[in-house]
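# Results of the structural survey
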Amino acid sequence: MTTTPDDPTTALPGRPPVVALATWQAARDELLVREKAHTREGDAIAAARRRLPMVELDGTVEVVGSDGPVPFLDLFQGRDELVVYQHMWYDGAPHQGQCEGCTTTAWHVKDAVYLNARGVSFAVLTTGRWDEVASYVEFMGYTQPWYSVRDVEAPVGGEMGHISCFLRDGDRVFLTYSTTGRGNEPVNGSLGLLDMTPYGRREAWEDNPEGWPEAPQADSPVGGHGSPICWYWRTDADGVATWGPTSRPVPQWTRPGATPVETLGRHGHDH
């Protein structure tokens, strides 16, 4: 039997109507008006962001990197602007026990060549002890500079999980901006692309057509790390979403030595 696109035996539950190209284009143009308004509002917010008051901090405070302790000023690498990602850290956890969300963010900024070309340096800060951090950076194959800010006060140290921006004026350093909530999303290009796809991110909070696929369950509570919030950030070796003893942040499965027999230990479910 030959089926048609509108055959009820083949149609996906909740699927939007199938229409002619001209009808689709009209609906697309209508949505474009909203998209353009969203873009212009984003531009206006960025303009306001550039006008935020600044906080001066001590640029001589020391952070620890591959060359040992260095002043925070060195992170600018002679440039006037600096963007940092403040990576969460779990002391003593194996590589697969580190934060899946932070792993995802850092993975999407593996190369800052375009930032550098615009006079902006980039670095990753974390509160982990440098010996642990160095091992993790080597395992992940990161080429961006990482620094331990253990025992360093905010805004260089302190609470992690944010993007922060700094401005240098000679030897003076200023905090200009820091993200909150979902403010890290612009770094993660995968999320932007998923937002364009028919099924979206497949997270529980999304507004989807009735009957559209739900987020796979990965044995983790709503509102916490795991399904149905960002379930795809942590999987087992077969790509199955899970927060079990053989799971790790998804990018780590491409790293040397990432074997499914390793276990998370006591850090597996408490972060």
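As a starting point, this report considers the structure included with it. The structure presented is a predicted model; accordingly, all values stated were derived computationally and were not measured.

### Description of the nonpolar core
Within the largest apolar cluster, 24 residues are counted, with the highest numbers of intra-cluster contacts made by Phe-122, Tyr-136, Met-140, Tyr-142 and Trp-146. Those elements that provide at least two residues to this core are strand E4 (81–87), helix H2 (100–107), strand E5 (120–126) and helix H4 (130–140). In terms of residues, this core owes the most to one element, H4, which gives 5 residues. Each residue touching Trp-146, except ones within four places of it in the same chain, is listed here: Val-64, Gly-65, His-87, Ala-106, Val-124, Thr-126, Trp-130, Val-133, Tyr-136 and Val-137. Val-63, Leu-73, Ala-123 and Val-149 belong to the second-largest nonpolar core, a separate cluster that totals 19 residues.

### Thoughts on the pattern of salt bridges
The full count for this structure, using the stated rule, is 10 salt bridges. A salt bridge links Glu-35 to Arg-28, with the shortest nitrogen-to-oxygen separation between them at 2.9 Å. Overall, the relative accessible area of 27% leaves Arg-28 in the partly exposed class. A salt bridge links Glu-132 to Arg-129; the nearest nitrogen and oxygen atoms lie 2.6 Å apart. Via salt bridges that share partners, Asp-91, Arg-129, Glu-132 and Arg-150 belong to a single interconnected network.

### Points about the pairing of strand E7 (residues 162–169)
Examined bridge by bridge, E4 and E7 share 6 bridges and lie antiparallel to one another. Across the sheet, residue Glu-81 finds its bridge partner in E7, namely Leu-167. Strand direction decides the pairing type here: E7 and strand E8 (residues 172–178), joined by 6 bridges, are antiparallel. Counted as the bridge partner of Cys-165 is Tyr-177 from E8.

Definitions and limits used
- Residues numbered from 1 in each chain as written.
- Predicted model: local features only at pLDDT ≥ 70, side-chain atom pairs only at ≥ 80, totals over all residues.
- Heavy atoms only, no water.
- Core = buried A, V, L, I, M, F, W, Y, C linked by side-chain atoms within 4.5 Å.
- Buried < 20%, exposed > 50% of the residue type's maximum accessible area, 1.4 Å probe, protein only.
- Helix = DSSP H or I, 4+ residues; strand = E, 2+ residues; numbered from the N terminus.
- Contact = heavy atoms within 4.5 Å.
- Salt bridge = Lys/Arg side-chain N within 4 Å of Asp/Glu carboxyl O.
- Pairing = 2+ DSSP bridges.

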